[in-house]
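# Examination of the molecular architecture
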Amino acid sequence: LMQVMPATGRLYGVLNLYDPVANIDGGIMHLKTLLDRFPLALALAAYNAGQAAVERFQGIPPYRETQAYVSRVLALVGD
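Here goes a summary of the coordinates provided.

Conventions and cut-offs
- Residues numbered from 1 in each chain as written.
- Predicted model: local features only at pLDDT ≥ 70, side-chain atom pairs only at ≥ 80, totals over all residues.
- Heavy atoms only, no water.
- Helix = DSSP H or I, 4+ residues; strand = E, 2+ residues; numbered from the N terminus.
- Rg over C-alpha atoms; globule rule 2.2 N^0.38 Å.
- Buried < 20%, exposed > 50% of the residue type's maximum accessible area, 1.4 Å probe, protein only.
- Contact = heavy atoms within 4.5 Å.
- Areas by Shrake-Rupley, 256 points an atom, 1.4 Å probe, with all protein chains shown as cover.
- Lys, Arg positive; Asp, Glu negative; His and termini not counted.
- Charge placed at Lys NZ, Arg CZ, Asp CG, Glu CD.
- Patch = residues over 30% accessible without salt bridge, like charges linked within 9 Å, V, L, I, M, F, W, Y side chains within 5 Å.
- Salt bridge = Lys/Arg side-chain N within 4 Å of Asp/Glu carboxyl O.

### Quick look at the overall build of the chain
Along the backbone of the chain there are 5 helices and 0 strands. When its helices and strands are written in sequence order, the chain yields α-α-α-α-α. What you see for the chain is a C-alpha radius of gyration of 13 Å, in line with the 12 Å of a compact globule of 79 residues. Each of the three principal axes of the chain carries a C-alpha extent, and together these read 30 × 25 × 25 Å. Per-residue burial over the chain gives 34% buried out of 79 residues. For the chain, the proportion of contacts with a sequence separation of at least 24, taken over those separated by at least 6, is 20%. Summed over its atoms, the accessible surface of the chain is roughly 5,200 Å², and 60% of this surface lies on carbon and sulfur atoms. Across the chain, the mean location of the 6 positive side-chain charges is 8 Å away from that of the 6 negative side-chain charges.

### Looking at a nonpolar patch on the surface
Together, Leu35, Leu40, Leu76 and Val77 make up an exposed nonpolar region whose accessible area comes to about 400 Å². Along the chain, leucine 76 falls in helix H5 (residues 64–77).

Just distances and angles here, no functional claims.
In structure tokens form, the structure reads like this:
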């Protein structure tokens, strides 16, 4: 399953976050929205820490978990 918060799920019409297909569909829609708005690293940070945190810090937030997440994903995609 993807990391989809209840409010985000509702935004994309996901009624049951525990339904794998609905969860993944909602997560993909959310990630696509973030990728349309931010460069890849910031979209990943927004996915992990929230869009508001990326906007507040004007970049990747200084959260150890978020910084590690962004680094891991970028390494996996070779970016």
